[in-house]
Amino acid sequence: MLTKSRYYVYSAIIFVLVMLAVFSYYQTYSLNSLYAFHKTDLNMSGLCSPNLPSFVIYYADNCRTCASTVNSFQNVTSLFGLWGNKTFYSGYFCAWEFNISAYNNNITSNLPDSAVSVFNEIGVNRVPLIVFNGKYYKVGGFANNQTAYDEILKYICLSVNESLPQCS
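Residues numbered from 1 in each chain as written. Predicted model: local features only at pLDDT ≥ 70, side-chain atom pairs only at ≥ 80, totals over all residues. Heavy atoms only, no water.

What to know about unusual backbone geometry
Cis geometry is found at the peptide bond from Val127 to Pro128, where omega equals -5°. Summarising the element assignment, Pro128 is placed in the loop between helix 4 (113-122) and strand 6 (129-132). Phi is positive for Asn133, close to 50°, though the residue is something other than glycine. With respect to the helices and strands, the residue Asn133 is situated in the loop between strand 6 and strand 7 (136-139). (Helix = DSSP H or I, 4+ residues; strand = E, 2+ residues; numbered from the N terminus.)

Here it is in structure tokens:
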């Protein structure tokens, strides 16, 4: 009788562990797919003139990974132009930093209104969010600064002209 009860206890423990493993696997898969790069077909006209590609990073003051992602975004885009007073100057594309916290507190800079609609369409209050010319987007931070730098450069190059010297 004691052996049979042990069998049931061990079977129950094994069942619970298997269910926990399956649940963890699907949770991890779900989060990995959320934080991956996604293809999209967003209309980003009006963000940049004269019809240059547009790149926008959305971040917030209370976001743990936002600071390093914004720094990597600035460093990569600086390969193609200059940042000055939160404005990016380049002949290749336009880049914007959109601080959601400042926007929510009505402290905004020279951001186009269409940047808000892009965030509302795919952001759903998740930051950091980077949109690469309406072709790709990524929600969430990166494992480290080097990964952020490499991935941001890759998707900028995919969105513009891969033959640019900065992309080789």
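Right, picking up where we left off after that structure.
Comments concerning the packing of helix 2 (residues 66-77) against helix 5 (residues 145-159)
Two elements in contact, helix 2 and helix 5, have axes separated by 9 Å at closest approach and are oriented at 50°. The pairing of helix 2 with helix 5 is recorded here as oblique in orientation. Considering the relative orientation of helix 2 and helix 5, their crossing is right-handed. Residues Ser68, Thr69, Ser72, Phe73, Asn75, Val76 and Thr77 of helix 2 form the contact with helix 5, whose participating residues are Asn145, Ala148, Tyr149, Ile152, Leu153 and Ile156. (Axes fitted to C-alpha atoms, helices over the stretch in contact; angles between N-to-C directions. Parallel < 35°, antiparallel > 145°, perpendicular 65-115°, else oblique. Left-handed = near helix turned anticlockwise from the far one by under 90°. Contact = heavy atoms within 4.5 Å.)

Side note on helix 5
For helix 5, which comprises 15 residues, the first-to-last C-alpha distance of 21 Å matches the rise-based estimate of 21 Å (1.5 Å per residue) to within 8%. The complete set of buried residues in helix 5 reads Ala148, Ile152, Leu153, Tyr155, Ile156, Cys157 and Ser159. In this structure, the buried residues of helix 5 make contact with strand 1 (37-39), strand 2 (54-59), helix 2, strand 6 and strand 7. Capping of helix 5 at its N-terminal end is provided by Asn144; its side-chain oxygen lies 3.2 Å from the backbone amide nitrogen of Gln146. (Expected span 1.5 Å × (residues − 1). Buried < 20%, exposed > 50% of the residue type's maximum accessible area, 1.4 Å probe, protein only. Polar contact = N/O pair within 3.5 Å; in protein donor to acceptor, adjacent residues only side chain to side chain.)

Some words on the packing of aromatic side chains
The way to describe two aromatic rings as a pair is by their centre distance and the angle between their planes. Applying the stated criterion across every chain yields a total of 16 aromatic pairs. Ring centres of Phe132 and Tyr155 lie 5.8 Å apart, and the angle between their planes is 40°; this geometry places the pair in the tilted category. Of this pair, Phe132 sits in strand 6 while Tyr155 sits in helix 5, and the two are 23 residues apart along the sequence. In this pair, the class of Phe132 matches that of Tyr155, namely buried. Through a chain of ring-to-ring contacts, the aromatic side chains of Phe37, Phe55, Phe73, Phe80, Trp83, Phe88, Tyr92, Phe93, Phe132, Tyr136, Phe142 and Tyr155 assemble into a single cluster. Over the ring of Phe37 we find Lys138, and its NZ or CZ is 6.0 Å from the ring centre. Its guanidinium or amino end placed over the ring of Phe142, Lys138 lies 4.5 Å from that ring's centre, counting from NZ or CZ. (Phe/Tyr/Trp six-rings, centres within 6.5 Å; stacked < 30°, edge-to-face > 60°. Lys NZ or Arg CZ within 6 Å of the ring centre and 35° of its normal.)

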